[in-house]
Structure formats: structure tokens, C-alpha cells
Amino acid sequence: MNKKTTFLLITSVALALATSGNLYAAVDDADAEKLLKDSKCLKCHDVEKTKKGKPYKKIAAEYKGKATAKAELIKHVTEPNQVEVEGEKVDHGTVKTRDAERINNLIDWILAR
Ligand code: HEC
């Protein structure tokens, strides 16, 4: 690889990272999706469609630019709480892991929808 090709490669990788909306760490999609599946979140949430809970895209839009978004959402999926489904209070699910890195990755994934 000559110098020019190397430069172009580095520039395009940097550009891809900068435009992906997450400058800090690449989101591990596979792990986020596995955690959602294992925690049965998909029973009530879809990325695009409204099920019992709202779509992750909508949640991402609502929390966009909010400084406390991550802290609030982490709390929401790790501490038992109740939500309303068809007018009835039901227990909201929590993620089936205590691994902070995986939870963090999941919230980054949701916010990047
Ligand atoms: C019983 C159905 C159900 C399950 C299971 C469920 N959710 Fe929810 N979730 C809801 C409802 C209902 C709300 C309240 C707001 C809404 O979506 O209408 C909500 C809210 C949320 C919110 C916050 C939205 C906000 O505006 O504050 C997040 C994030 C979320 N869910 C993620 C998850 C994750 C991650 C899981 C798996 C651990 C999960 N949910 C499991 C039904 C569910």
C-alpha cells in the first residue's frame, strides 16, 4: 500500500466514525441485539414498530441531545419499575446482565437508532 492509499483509507475510516453518530466507541450491534433478545425486551419493543412499548427509534428521538439520557435510560432498564400497557400497570423488564459495559452498549445502541 503506498502513502496515498494509506492516507485515503485512514481518512475514510475517520469520516465513517465521525458520521456514525458515536465518536467514543463503536457500538457492538450483535451484543446489544442478543441482550435485548435474552432479556425479552423484544416482546414489547421493536426498532420501528409500536408494540406494547414504543419503538426504539422513537425513544432515541425523544432523548436526542438530552444530557441525562444515558443515566435515565440505564436506570430504566436496570431497576424494577412499572409502566402502563393498555391502561394497566405492569412490571417493566430489566436487562438480564449486571455487566455495566454490556448495559452501556445496549443504551448506546438504542440511542443510535
Ligand atoms: C411488558 C412490556 C415491556 C417489556 C418486556 C419491556 N418494555 Fe420497555 N417499555 C414498555 C412500556 C409500556 C414503556 C413506557 C413507554 C412506552 O414505550 O410506551 C417502556 C419504556 C422503555 C424505555 C424508556 C422510554 C422512555 O421514554 O423513558 C426504554 C429505554 C425501554 N422501555 C427499554 C426496554 C428494554 C431494554 C427492555 C428489556 C430489558 C424492555 N424495555 C422491556 C414496555 C416493555
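Placed above this text is the structure.
Quick look at the structure, then. (Residues numbered from 1 in each chain as written. Predicted model: local features only at pLDDT ≥ 70, side-chain atom pairs only at ≥ 80, totals over all residues. Heavy atoms only, no water.)

### Some remarks on a positive patch on the surface
Condition: A patch is a set of surface residues, each over 30% in relative accessible area and not in a salt bridge, joined within 9 Å for like charges and within 5 Å for the nonpolar side chains Val, Leu, Ile, Met, Phe, Trp and Tyr. Per-residue and other accessible areas follow the Shrake-Rupley method at a 1.4 Å probe size, with only the shown protein chains counted as cover for residues. The term salt bridge refers to a side-chain nitrogen of Lys or Arg lying within 4 Å of a carboxyl oxygen of Asp or Glu. For the purpose of charge, His is not counted, nor are the chain termini; Lys and Arg are scored as positive and Asp and Glu as negative. We put the charge of a Lys on NZ, of an Arg on CZ, of an Asp on CG and of a Glu on CD. Working definition: helices are DSSP H or I runs of at least four residues, strands are E runs of at least two. Numbering for both runs from the N terminus.
Together, Lys40, Lys43, Lys52 and Lys96 give the surface a local cluster of positive charge. Relative to the assigned elements, Lys52 resides in the loop between helix 2 (29–38) and helix 3 (56–63).

### Quick look at the coordination of the iron atom of the ligand
Rule in force here: For Na, K and Ca the donor cut-off is 3.2 Å, while for other metals it is 2.8 Å, and in both cases only N, O and S atoms qualify; water is not among them, so sites may look incomplete. Irregular is the default label, applied whenever a site is not tetrahedral (four donors, all angles between 85 and 135 degrees) and neither square planar nor octahedral (four or six donors, opposite donors over 155 degrees apart, all other angles between 65 and 115). Partly exposed describes any residue whose relative accessible area lies between the buried limit of under 20% and the exposed limit of over 50%, with all areas from a 1.4 Å probe on protein chains only and scaled to the type maximum.
His45 (NE2) and His92 (NE2) make up the full set of protein donors to the iron atom of the ligand, lying at 1.9 Å. Given six donor atoms and angles of 87 to 180 degrees at the metal, the environment of the iron atom of the ligand is assigned as octahedral. Residue His45 is found in the loop between helix 2 and helix 3, and its partner His92 is found in the loop between strand 2 (88–91) and helix 5 (100–111); the two are separated by 47 residues along the sequence. Here His45 and His92 have matching classes, each one buried.

### Thoughts on helix 3
Definition in use: Working note: the arc is built from the helix axis to C-beta atom directions. Any pair of residues with heavy atoms lying within 4.5 Å of one another is described as a contacting pair.
Every buried residue of helix 3 is listed here: Tyr56, Ile59, Ala60 and Tyr63. The buried residues of helix 3 occupy an angular sector of 100 degrees when projected down its axis, which confines them to one face. Elements that come into contact with the buried residues of helix 3 comprise helix 2, helix 4 (69–78) and helix 5. Looking one or two places after helix 3, you find Gly65, whose phi comes out positive at around 75 degrees.

### What to know about the site of the ligand
Put simply, the rule is: Nearness is defined per residue: one heavy atom within 4 Å of the molecule or strand is enough. Two N or O atoms count as a polar contact when they lie within 3.5 Å, although within protein this holds only if one can serve as hydrogen donor and the other as acceptor, and sequence-adjacent residues are included solely when both atoms are side-chain atoms. Three classes are used: nonpolar for Ala, Val, Leu, Ile, Met, Phe, Trp, Tyr, Cys and Pro, charged for Asp, Glu, Lys and Arg, and polar for all others, with Gly counted as polar.
As a matter of local geometry, the ligand sits amid 22 residues, with Cys41, Cys44, His45, Lys54 and His92 nearest to it. Within the backbone of Lys54, a nitrogen or oxygen atom sits 2.6 Å from an oxygen atom of the ligand. In the environment of the ligand, a nitrogen atom lies 2.7 Å from a nitrogen or oxygen atom belonging to the side chain of His92. Where the shell around the ligand is concerned, the elements lending two or more residues are helix 3, helix 4 and strand 1 (82–85). Examining the composition of the shell around the ligand, we find that four residues originate from one element, helix 3, more than from any other. Taken together, the residues of the shell around the ligand sort by class into eleven nonpolar, six polar and five charged.

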